[in-house]
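Residue-level structure breakdown
The chain contents come next:
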Amino acid sequence: MSDGLVGRGRHWGPKEDQTHTIGKGMQLGHDETMKRHLGTMHALSRQYWQYLACGLWQASCEGEEDEQADMDQEGWSLPLEMLSSWYCSFSKCCETGDCRVTNNITGLESDLNRRLHGQHLARKVILRAVRGLLQRPQPEKALALSFHGWSGTGKNFVARMIADHLYRDGLKSECVKVFISLFHFPHPGYLDSYKVQLKKQISETVKLCEQALFIFDEAEKLHTDLLDTIKPYVDHYDSIGQVDCGRSIFLFLSNSGGNTINEVALDFWRAGRAREEITMDYLEQPLRMELKESPGTAFAHSHLLEENLIDFFVPFLPLEFHHVKLCARDAFVAQGLPYTETALDEVARMMVFVPKDKRLFSAQGCKSVSQRINYILP
């Protein structure tokens, strides 16, 4: 008890005085270290700003060289790598510092609600799936989503939206890779080479970025062997060759399954029911069956489908006349042009609608709406 009281008393013996003096010295030394760190940070911020400013406004660099030389003599010369490292410390960057992950799920939700028209199912499934992945501390597998529906219904639009809100540089980010089947893998004779290249691209991107995004456009035209090459990266493995894909997202965009989706939408219309009443229960299983039984699609015999590694098959419903008008409105706004209801009607009427006798669904979705605006401008 007395020892405890002495430790808290005002009077210190010789040993306590010495300890107190050492403590004061350590505190002074700590203060000096802090001052040096703050000075270094100040110099860092000035140099980094000068570096950025010189890149944007060369005139602003005039007269800076002498000041830079003085700073170098004072010991403030720091390599660009340190500047980049300091800059990236404010946010999550990839190793190169050019692909910061933003994960703006609020912005994604807002954009899906405001700009994706007629797709209540896709909006709900995609948002829940992406949010679920980002909220898990240790996902057990990569998220694999397969988008299906007619051309122009919003598949590419949503893929771009996801990239824009999860990554600072959107589709240009080092963390995002886009593969277009007939562009990147055009020759069946080079299939073995394509498989090696695809493995390398996925592995290197995941090593660079813990959370990577891979988009496969025209996925129905991918060779089955290429889909099976992707399979280990979306399977339930801790890592593949020291690469952990658990936080990555794989998007497969395909026109296949569109007929099944459209038939369900048409049945609801014939029954006088609102399309918003369509749920995944009406579509997911028929969509899986069409993909399995369709000999012309790569999914039919791929292990991705056989082993249930696609987490969600996301249906994009056919767009109706009023949805096309909303797309036209967005296009006018994006181009900074005024519009009227008559103008929106005129643009929508230029699209081809099916069935021909009912003109119910846009055969092109909202594709080419922006270009058609030019035809009605004075």
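Residues numbered from 1 in each chain as written. Predicted model: local features only at pLDDT ≥ 70, side-chain atom pairs only at ≥ 80, totals over all residues. Heavy atoms only, no water.

1. Remarks on the environment of Asn262
With respect to the secondary-structure elements, Asn262 resides in helix 11 (residues 258–270). We classify Asn262 as buried; its relative accessible area is 8%. Residues Asn262 and Phe361, 99 residues apart in the sequence, show an inter-C-alpha distance of 8.7 Å. Among all residues touching Asn262, those that are not within four sequence positions of it are Trp150, Pro318 and Phe361. (Helix = DSSP H or I, 4+ residues; strand = E, 2+ residues; numbered from the N terminus. Buried < 20%, exposed > 50% of the residue type's maximum accessible area, 1.4 Å probe, protein only. Contact = heavy atoms within 4.5 Å.)

2. Quick look at the packing of aromatic side chains
Throughout the structure, instances matching the rule amount to ten aromatic pairs. Relative to Phe316, the ring of Phe147 has its centre 5.3 Å away and its plane inclined at 50 degrees; by these criteria the two rings are tilted. With Phe147 in strand 1 (residues 143–148) and Phe316 in the loop between strand 5 (312–315) and helix 14 (321–334), the pair connects residues that are 169 residues apart, well separated along the chain. An identical accessibility class is assigned to Phe147 and Phe316; each is buried. Every member of this aromatic cluster is reached through a ring pair, and the members are Phe179, Phe185, Tyr190, Tyr194, Phe216 and Phe252. (Phe/Tyr/Trp six-rings, centres within 6.5 Å; stacked < 30°, edge-to-face > 60°.)

3. Points about the state of the cysteines
Evaluated as defined, the whole model comprises two disulfides. Two residues share a disulfide in this structure: Cys175 and Cys209, whose sulfurs sit 2.4 Å from each other. Across the S-S bond of Cys175 and Cys209 the torsion is about -85 degrees, and the bridge reads as left-handed. Note that Cys175 is positioned in the loop between helix 7 (155–166) and strand 2 (176–180) and Cys209 in the loop between helix 9 (191–208) and strand 3 (213–217), a separation of 34 residues in sequence. Residue Cys175 is classed as buried on the basis of its relative accessible area, which comes to 0%. Across the disulfide, Cys327 is cross-linked to Cys366 (sulfur-sulfur distance 2.0 Å). Taking the torsion about the sulfur-sulfur bond, which here is approximately 80 degrees, the covalent link between Cys327 and Cys366 counts as right-handed. With Cys327 in helix 14 and Cys366 in the loop between strand 7 (361–362) and helix 16 (369–376), this pair connects stretches of sequence that are 39 residues apart. (Disulfide = S-S within 2.5 Å.)

4. Regarding a nonpolar patch on the surface
Together, Leu171, Val178, Ile180 and Phe183 make up an exposed nonpolar region whose accessible area comes to about 340 Å². Inspection of the secondary structure assignment puts Phe183 in helix 8 (residues 181–184). Under the relative-accessibility criterion, Phe183 is labelled exposed at 63%. (Patch = residues over 30% accessible without salt bridge, like charges linked within 9 Å, V, L, I, M, F, W, Y side chains within 5 Å. Areas by Shrake-Rupley, 256 points an atom, 1.4 Å probe, with all protein chains shown as cover. Salt bridge = Lys/Arg side-chain N within 4 Å of Asp/Glu carboxyl O.)

5. Focus: helix 15 (residues 341–349)
Among all positions of helix 15, only Ala343, Leu344, Val347 and Ala348 are buried. The buried residues of helix 15 all sit within an arc of 135 degrees when viewed along its axis, so they share a single face. Among the exposed residues of helix 15, those oriented more than 90 degrees off its buried face are Glu341, Thr342 and Arg349. Looking at the buried side of helix 15, the elements it contacts are helix 14, strand 6 (353–354) and helix 16. (Arc of directions from axis to C-beta.)

6. Focus on the confidence of the model for the chain
Of the residues in the chain, 72% reach a pLDDT of 70 or more, and the chain-wide mean stands at 80. The low-confidence segment residues 55–60, where pLDDT is below 50, has four contacts with residues more than four positions distant or belonging to other chains. (pLDDT = per-residue confidence, 0-100.)

7. What to know about the pattern of salt bridges
Evaluation of the coordinates by the stated rule reveals 14 salt bridges. With its nearest N and O atoms 2.7 Å apart, the salt bridge here joins Asp111 to Arg114. Here the residue Asp111 and the residue Arg114 both occupy positions in helix 5 (residues 105–115), the gap between them amounting to three residues, near one helical turn. When its relative accessible area of 9% is taken as the criterion, Asp111 is described as buried. Between Lys358 and Asp357 there is a salt bridge, and its shortest N-O distance comes to 3.1 Å. For Lys358, a relative accessible area of 39% translates into the label partly exposed. By relative accessible area, which is 62% here, Asp357 ends up exposed. A single salt-bridge network, built from bridges that share partners, covers Asp111, Arg114 and Arg115.

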